[in-house]
Structures are given as C-alpha cells and as structure tokens.
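Here is what each chain is made of, one letter per residue.
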Amino acid sequence: MRTVRVAGAEFDVRDEGEGDAVLLVAGAGVSGRVWDLHQVPALRAAGFRVLTFDRRPLHNPSAAPDPHRAAAELHHVLAELDLPRCRAVGVSSGAEVVQELMLARPGVVAGAVLMATRGRGDLSGRVMADAERELAAAGVRLPPRYAAWQRAVLNLSPATWRREDELFDWLDLFEAAERAGTAPVPVPADGEPADRLAALGRVAVPVLVLGFEHDLIVPPWLCREVAAALPAARYAEIADCGHYGYLERPAEVNSALLEFLTGAP
C-alpha cells in the first residue's frame, strides 16, 4: 500500500498485479475494499494491474468531495504513481468521478466502465436526498435494524429478496454498518449532480455503461442517457439486481467488464 497526500486528504492506494492498469473507483462513503470481493480477483486473473483506494479527509471526516474536485485529486494521485494513462471503472458517484476525469483530463483515461451512473439529477434522486437531509437535520437516527431493512429495500433487487439466506447476510451486514457508524451520510445540498450530458459529448474514448435492472437509486434510464451522450459508448443492462448490482450479480458484471476491457484499445 502507498499513501498519497493531496490538499485536504490522503489516499491509501493498493496496487496489485502486473499488466495494463485499471483504476477502480467506489461510490461515496464506500471503502475501496469492496472491490476485493469480486472484481479485483477477476481482473488480476485476466492479467490486469489493479488499483483501488480509500480517501481519508484530513479536516472534515464526513465531507465527500464533489466529482470535479474528486477527479482533480485522482489525477494528482495517478501522477504521483507515475501512471499517465489507465483504464477506469467506477460505480455510482464513483462513475461520476470517472466521467469528470475523462472530461477534465482527456489523455488520462484510455477507456472506462461506468456502472449505475448518471449525467444529470432527477426528481426521484432530489426528493430522496432532500428527505435524508431533513431527517439528519432533525437529529433523527433510525434504529439499526430498521435502517438496515430500509437500505436493503433501496439497494437490492427483488430477486435477492427471494433468496432468504442471502438476504439475511445482507441485512446482517447493513445492521453491523449502522451500529459501527459507517453507513452512508446524506449528500449535501450542493453535492447533487449538474446536467453533464452535453459535456459528455466531448469524451472520445470507448466506454461501457452498465445499468442495473432494479436500481432505485440510479434508475437504468439515467444510465442509458449517459451512454447515448457519449460518442464511443455502448450500453448493457444487468438483470435481477439493484444499486449493488456489482455485488449481487458479480459473475455477470465481471463478464461484461472483462469482455470490454480486453477488447478496448
């Protein structure tokens, strides 16, 4: 592991394997270790060098950077690692960061996989964010078991709910995160996405956009909009999964991921 310091934050970077480099960018509030479950082993087995990271704010632990600043930070990290060009994979807000990196630093990303991404805000997302901020401002903390159930409803597919043994494990994991205080925090009012669809027309590198069929957080139609805006993109949808599709359906996601990365220039 190597620690890279930028203004206001430190990045603990894990650099594994050899071959063409692939940077994995998790969503806000999610440890980069989440990729270790499924994506890192698959990429390393396919001959890729894999980089994951955790960002540690130095001043305000609960503050997550906006995609523009996060992209600038990542560019600095890649420069410190002497990695002028790589492929990138992002999910949720991590995919939005990869989009901004492609826009701000066109030569850095050779190709990208964007999972559960969006190029603009939508009414459902704004209402959800407003409600979460109002709940936090009122000082209300949901009981851990209830908060775990709510998180499962929002992030998992009905197909996962039918597999009760698997669902029990998810609920147990979410409840443990709530009790440990590591559950996601509300997005600040100034952190909601701007409309970037027109700007994405400037991205020339090949991109695979993956939507998740039952995603309530970033519905698939928002992913399709991003794919339509990108000149060299194609869209694919993974069935029977929600916002955590890369964890719910890892075999299908990894298959699409590797097919794209091994074929991208």
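The present account deals with the structure reproduced in this document. Small disclaimer: the values here were computed from a predicted structure and weren't measured.

## Some details on the environment of D15
Within the secondary structure, D15 sits in strand β2 (residues 9-16). Look at D15 and you get partly exposed, because its relative accessible area is 39%. Sequence separation of D15 and L81 is 66 residues, and the distance between their C-alpha atoms is 9.6 Å. If we ignore the near neighbours within four places in the chain, the residues touching D15 are R49, V50 and L51. At 2.6 Å, the side chain of D15 and the side chain of R49 are in polar contact.

## Things to note about the sheet that holds β2
Taken together, eight strands build an open sheet; the order of strands is β1-β2-β4-β3-β5-β6-β7-β8 and the sheet is mixed. Two strands bound the open sheet, and with one partner strand each, they are β1 (2-6) and β8 (233-238). Strand after strand, the sheet turns through a mean of 20° between neighbouring axes, direction not considered. The pairing of strand β3 (residues 21-25) with strand β5 (residues 86-91) spans four bridges and is classified as parallel. Across the sheet, L23 pairs through a bridge with A88, a residue of β5. Along the sheet, helix α3 (residues 93-104) makes contact with β3, β5, β6 (109-115) and β7 (207-212), crossing β6 at roughly 155°. On top of the sheet, helix α8 (residues 220-229) reaches β6, β7 and β8; it is set at about 165° to β8, its chief contact.

## What about the packing of helix α5 (residues 144-155) against helix α7 (residues 164-180)?
Interhelical geometry of α5 versus α7 gives an angle of 125° and a closest axis separation of 8 Å. Relative to α7, the element α5 lies oblique. Relative to α7, the crossing made by α5 is right-handed. Taking contact as the criterion, the partners of P144, R145, A147, A148, W149, R151 and A152 in α5 are, on α7, L171, F174, E175, A177, E178 and R179. Residue composition of the contact of α5 with α7, grouped by class: eight nonpolar, no polar and five charged.

## Focus on α3
Here α3 is 12 residues long and its end C-alpha atoms lie 16 Å apart, about the 16 Å a rise of 1.5 Å per residue gives. Across the 12 residues that make up α3, a large majority, 10, are buried. Among all positions of α3, only G94, A95, E96, V97, V98, Q99, E100, L101, M102 and L103 are buried. Summarising the contacts, the buried residues of α3 are in contact with β3, α2 (67-80), β5, β6, β7 and α8.

## Things to note about the nonpolar core
W35, L114 and M115 are the most contacted members of the largest nonpolar core, which totals 76 residues. It is α3 that provides the largest number of residues to this core, a total of six residues. In contact with M115, other than residues within four places in its own chain, are W35, V89, G90, V91, S92, A95, L210, F212, Y246 and V253.

## Topic: the packing of α2 against α3
Where α2 contacts α3, the two axes come as close as 8 Å, and the packing angle between them is 70°. When the axis of α2 is compared with that of α3, the two are roughly perpendicular. Relative to α3, α2 is oriented so that their crossing is right-handed. Seen from α2, the contacting residues are P67, H68, A70, A71, L74, H75 and L78; seen from α3, they are E96, V97, E100 and L101.

## Description of a nonpolar patch on the surface
A surface patch of nonpolar side chains, about 280 Å² in accessible area, is lined by Y146, W149 and V153. Mapped onto the elements of the fold, V153 is located in helix α5.

## A few points about a negative patch on the surface
Together, E164, D165, D169 and D172 give the surface a local cluster of negative charge. With respect to the secondary-structure elements, E164 resides in helix α7. Its relative accessible area of 61% is what places E164 among the exposed residues.

## Observations concerning unusual backbone geometry
Despite not being glycine, S92 shows a phi value in the positive range, around 55°. Structurally, S92 can be placed in the loop between β5 and α3. Under the relative-accessibility criterion, S92 is labelled buried at 17%. A positive phi angle is found at D240, which is not glycine, with a value near 55°. Within the secondary structure, D240 sits in the loop between β8 and α9 (245-248).

Cut-offs used in this document
- Residues numbered from 1 in each chain as written.
- Predicted model: local features only at pLDDT ≥ 70, side-chain atom pairs only at ≥ 80, totals over all residues.
- Heavy atoms only, no water.
- Helix = DSSP H or I, 4+ residues; strand = E, 2+ residues; numbered from the N terminus.
- Buried < 20%, exposed > 50% of the residue type's maximum accessible area, 1.4 Å probe, protein only.
- Contact = heavy atoms within 4.5 Å.
- Polar contact = N/O pair within 3.5 Å; in protein donor to acceptor, adjacent residues only side chain to side chain.
- Pairing = 2+ DSSP bridges.
- Axes fitted to C-alpha atoms, helices over the stretch in contact; angles between N-to-C directions.
- Parallel < 35°, antiparallel > 145°, perpendicular 65-115°, else oblique.
- Left-handed = near helix turned anticlockwise from the far one by under 90°.
- Nonpolar A, V, L, I, M, F, W, Y, C, P; charged D, E, K, R; others polar.
- Expected span 1.5 Å × (residues − 1).
- Core = buried A, V, L, I, M, F, W, Y, C linked by side-chain atoms within 4.5 Å.
- Patch = residues over 30% accessible without salt bridge, like charges linked within 9 Å, V, L, I, M, F, W, Y side chains within 5 Å.
- Areas by Shrake-Rupley, 256 points an atom, 1.4 Å probe, with all protein chains shown as cover.
- Salt bridge = Lys/Arg side-chain N within 4 Å of Asp/Glu carboxyl O.
- Lys, Arg positive; Asp, Glu negative; His and termini not counted.
- Charge placed at Lys NZ, Arg CZ, Asp CG, Glu CD.

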